[in-house]
Amino acid sequence: MGNEFLENVLKTIKRGVEIGGFPEDLYKMLSKPERIVIVKIPVRMDDGRLEVFEGYRVQHNSALGPYKGGIRFHPQVTLEDDIALATLMTLKNSLAGIPYGGGKGAVRVDPKKLSPRELEQLSRGYVRALYRVLGDHIDIPAPDIGTNPQIMAWMVDEYSKLEGYNVPGVFTAKPPVLWGNPVREYATGFGLAVVTREAAEKYLGGIEGKRVAIQGFGNTGQWHAYWLQKMGAKIVAISDTSGTVYDPEGIDVELAMKVKKETGKVINYPKGEKIPDPKAPLYVDAEILGPDAMENQITLENVDKVKAKLIVEGANGPTTPEAEQKLYEKGSIVVPDFLANAGGVVMSYLEWVENLQWYFWDEEETRARLEKIMRNNFLKVYDRFEKMRSEKPKVTMRDAALVLSLERLYHAMKVRGWL
Ligand code: NAD
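Here goes a summary of the coordinates provided. For every chain, the first residue of the written sequence is number 1, and numbering continues from 1 onward in sequence order. Residues qualify for local features only when their pLDDT is at least 70, as the model is predicted, and side-chain atom pairs are given and counted only at 80 or more; totals for whole chains, interfaces and linings, by contrast, use all residues. The side-chain numbers reported here are obtained from all heavy atoms of the structure, hydrogens and water having been left aside.

1. As for the overall build of the protein chain
And step 1. Each helix is a run of H or I in the DSSP string that is no shorter than four residues. Each strand is a run of E no shorter than two, and both are numbered from the N terminus. Counting its regular elements, the protein chain contains 13 helices and 12 strands.
And step 2. Computation of the radius of gyration draws on C-alpha atoms, with the globule rule given as 2.2 Å multiplied by the number of residues to the power 0.38. In terms of overall size, the protein chain behaves like a compact globule, its C-alpha atoms giving a radius of gyration of 21 Å where 419 residues would be expected to give roughly 22 Å.
And step 3. With the C-alpha coordinates of the protein chain rotated into their principal frame, the extents come out at 55 × 55 × 40 Å.
And step 4. Taking all 419 residues of the protein chain together, the buried fraction comes to 59%.
And step 5. Two residues qualify as a contact provided that any one of their heavy atoms is within 4.5 Å of a heavy atom in the partner residue. Summarising the internal contacts of the protein chain: among those between residues at least 6 apart in sequence, 68% fall at separations of at least 24.
And step 6. Using a 1.4 Å probe, accessible areas were evaluated by the Shrake-Rupley method; residue-level cover was limited to the displayed protein chains. Of the roughly 17,600 Å² of accessible surface on the protein chain, 51% is carried by carbon and sulfur atoms.
And step 7. The positive charge centre, built from 56 side chains, and the negative charge centre, built from 57, are 2 Å apart in the protein chain. Working definition: with a 1.4 Å probe on protein chains only, accessible area under 20% of the residue-type maximum means buried, over 50% means exposed, and in between means partly exposed. His is not counted, nor are the chain ends; Lys and Arg add positive charge and Asp and Glu add negative charge. In this description, the location of a charge corresponds to atom NZ of lysine, CZ of arginine, CG of aspartate or CD of glutamate.

2. Thoughts on the site of the ligand
And step 1. Around the ligand, 20 residues are found, and the nearest of them are T188, Q215, N219, T220 and N316.
And step 2. The term polar contact refers here to a pair of N or O atoms within 3.5 Å; inside protein, the definition further demands a hydrogen-donor-capable atom paired with an acceptor-capable atom, and it admits residues adjacent in sequence only when both atoms are side-chain atoms. N219 is positioned with one of its backbone polar atoms (N or O) 3.0 Å from an oxygen atom of the ligand.
And step 3. Backbone polar atom of G314 to an oxygen atom of the ligand: 3.5 Å apart, as the coordinates give it.
And step 4. In this classification, Asp, Glu, Lys and Arg are treated as charged, Ala, Val, Leu, Ile, Met, Phe, Trp, Tyr, Cys and Pro as nonpolar, and every other residue, Gly included, as polar. Partitioning the shell around the ligand into residue classes produces five nonpolar, 12 polar and three charged. Residues are counted as near a molecule or strand when any one of their heavy atoms sits within 4 Å of it.

3. A look at the packing of aromatic side chains
And step 1. Within 6.5 Å between ring centres, the rings of Phe, Tyr and Trp (the latter by its six-membered ring) count as paired, and their orientation is classed by plane angle as stacked under 30 degrees, edge-to-face over 60, tilted in between. Tallying each qualifying case throughout the model produces 15 aromatic pairs.
And step 2. On the basis of an interplanar angle of 45° and a centroid distance of 5.2 Å, the ring pair of Y186 and W227 is categorised as tilted. With Y186 in the loop between α5 (149-163) and α6 (187-203) and W227 in helix α7 (residues 219-230), this residue pair connects regions lying 41 residues apart in the sequence.
And step 3. When its relative accessible area of 5% is taken as the criterion, Y186 is described as buried.
And step 4. Using a relative accessible area of 11% as the deciding quantity, one classes W227 as buried.
And step 5. With centroids separated by 5.1 Å and ring planes inclined at 80°, the aromatic side chains of Y226 and W227 adopt a geometry described as edge-to-face.
And step 6. Taking the relative accessible area as the measure of exposure, Y226 reaches 16% and is therefore buried.
And step 7. In our convention, an over-ring charge means Lys NZ or Arg CZ found within 6 Å of a ring centre and within 35 degrees of that ring's normal. The residue whose ring lies beneath K68 is Y100, and the NZ or CZ to ring-centre distance is 5.9 Å.
And step 8. Stacked on the ring of Y283, the Lys or Arg K305 has its end atom at 4.1 Å from the ring centre.

4. Observations concerning the pattern of salt bridges
And step 1. Take a side-chain nitrogen of Lys or Arg and a carboxyl oxygen of Asp or Glu: if they are within 4 Å of each other, that pair is a salt bridge. Inspection of every chain in the model, using the stated rule, returns 29 salt bridges.
And step 2. Taking the shortest distance from any N to any O, the salt bridge between E158 and R128 comes out at 3.1 Å. Here E158 is found in helix α5, whereas its partner R128 is found in helix α4 (residues 116-130), with 30 residues between them in sequence.
And step 3. Here R197 makes a salt bridge to E371, at a shortest N to O gap of 3.0 Å. One end of the pair, R197, is in helix α6; the other, E371, is in helix α12 (residues 363-391), with 174 residues separating them in the sequence.
And step 4. Given the relative accessible area of 17%, R197 is considered buried.
And step 5. The network of salt bridges with shared partners includes E120, R124, R128, D157, E158 and K161.

5. Notes on the environment of E201
And step 1. Assignment of secondary structure puts E201 in helix α6.
And step 2. On a C-alpha basis, the gap between E201 and L85 in space is 32 Å, while along the polypeptide they are 116 residues apart.

6. Focus on the nonpolar core
And step 1. Here the nonpolar core consists of buried residues drawn from Ala, Val, Leu, Ile, Met, Phe, Trp, Tyr and Cys, with membership extended through side-chain atoms lying within 4.5 Å. With 111 residues, the main nonpolar core has I238, I298, L310, V335, M397 and L406 as its most contacted residues.
And step 2. When near neighbours in sequence (up to four residues on either side) are disregarded, I238 contacts I214, F217, G243, T244, V245, I251, A256, V266 and P281.

7. Here we look at the sheet that holds strand β9 (residues 273-275)
And step 1. The pairing criterion is simple: DSSP has to find at least two bridges between the two strands. Strand order across the open sheet formed by seven strands is β9-β8-β7-β6-β10-β11-β12, with mixed pairing between neighbours. If you trace the sheet from one side to the other, it starts and ends with β9 and β12 (333-335), each paired once. Recorded for the sheet is a direction-independent mean angle of 15° between the axes of neighbouring strands.
And step 2. Note: strand β6 (residues 211-215) against strand β7 (residues 234-240), five bridges, orientation parallel. When the bridges of β7 are listed, V212 appears paired with I235.
And step 3. In this analysis an axis means a line fitted to C-alpha atoms, helices contributing only their contacting stretch, and an angle means the value between N-to-C directions, from 0 to 180 degrees. The sheet contacts of α6 involve β10 (288-291), β11 (310-312) and β12, and relative to β11 the element is tilted by about 160°.
And step 4. α7 rests against β6, β7, β10 and β11 of the sheet, and its axis sits at about 170° to β6.

8. A look at unusual backbone geometry
And step 1. Even without glycine at this site, W179 takes up a positive phi of about 70°.
And step 2. Secondary-structure assignment places W179 in the loop between α5 and α6.
And step 3. Positive phi, close to 50°, is recorded for W358, a residue that is not glycine.
And step 4. Within the secondary structure, W358 is located in the loop between α11 (343-357) and α12.
And step 5. By relative accessible area, which is 47% here, W358 ends up partly exposed.

9. With respect to the packing of α4 against α5
Between two packed helices, both the angle of their axes relative to each other and the distance between the axes serve to describe the pair.
And step 1. Interaxial distance between α4 and α5 falls to 9 Å at its minimum, and their mutual angle equals 45°. Viewed along their axes, α4 and α5 adopt a mutual orientation that is oblique. Where α4 crosses over α5, the handedness of that crossing is right-handed. Contacts from P116, L119, E120, S123, R124, Y126, V127 and R128 of α4 reach α5 at I151, W154, M155, D157, E158, Y159, K161 and L162.
And step 2. Among the residues forming the contact of α4 with α5, the class breakdown is nine nonpolar, one polar and six charged. Comment on the angle field: the value is read as roughly parallel under 35 degrees, roughly antiparallel over 145, roughly perpendicular from 65 to 115, and oblique elsewhere. In this scheme the handedness of a crossing depends on how the near helix is turned from the far one: anticlockwise by less than a right angle means left-handed, clockwise means right-handed.

What follows is the structure, given as structure tokens:
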């Protein structure tokens, strides 16, 4: 990945600047982060050795508010990856309409190889090293790959100790007992379901009884399926690396979640047809497809086999640009990842608002607020997409979302006098 990932992100911005007719200066401002901090984090390991880890925090853009984005613990992560991820957060937060800029952090480490004590020391060390540039009005991290609510709890504790008082709003996705919110657990999947329902309303005449196939049955896919079933859709296929379960009569999602929790494999679900290929949900008869597993799943090689009319991207980057073009040629619509899977970061925003005012909503009220934001965001993009498409038929919903995101950033930077 590395440089290629970053180059692709920059190309995307360049394309958005062109399609939206923005001045070249917007690209210049967004192609570099405002600040990059590289730190060393010494940890005394359980066997007495000293390990020195390298950590990053990239603060990409703050035109719309404090920097916001996760912290990744991964053995192969590079600074270039982190810059690319921070840049994507600027675009995602702008599109989501929340008052945040973009940031991202990383430590090059394999967290699975650390003992709980070592992991805690690393997490606290990250905060000590970056204390001056973090803050509930400065930069607000959250979990990403390799980090979780327990790590957020250690981090918020360390930050609070340094500050001398409790600062709940400096990290989000904390455990509910430590100023987190129970909705966070399913926020991405719930947000996806809301967006899927709204898109089905526009393009399929409603969600009731529509057949849905979900690839990937992890945090994202399970809750996407769960909430869609509650909204009246029929889940006909689910998969994980163990294979695919297909049942045209409809899968009992709660039972499948129980089976997945207890056995680790979706394929142990007691009913339906079992297909060894984990990609099979992409090809079954269904009106709606949720590619919720990982990147680069729908490509030029297999796009002809995709039958769904509506594809709602839960994973980041599951459809390659060439395959997406083909899907549109076939008359399908792809709701892009950074619109559809923003439920997690929108929930982070709600948690932060709760934390700043020390006032907490109950689960239902939180969910209603999340639903409203996700719905409005989809409708905003839908309106722009249909308007742009009536003038330029080849435009995609991703193009429209990109233009809207850049537009908000452009206006904020312009009125501040940065452009
Ligand atoms: P996860 O690890 O909880 O789940 C991933 C699931 O996909 C697992 O069940 C795994 O078995 C399955 N899987 C892996 N490869 C597969 C394949 N080729 N075919 C079918 N299934 C496969 O991860 P997650 O948090 O659900 O993330 C999934 C995707 O969603 C990622 O692209 C992630 O970046 C994106 N995403 C997640 C969140 C979030 O809040 N969890 C937010 C935004 C985006």
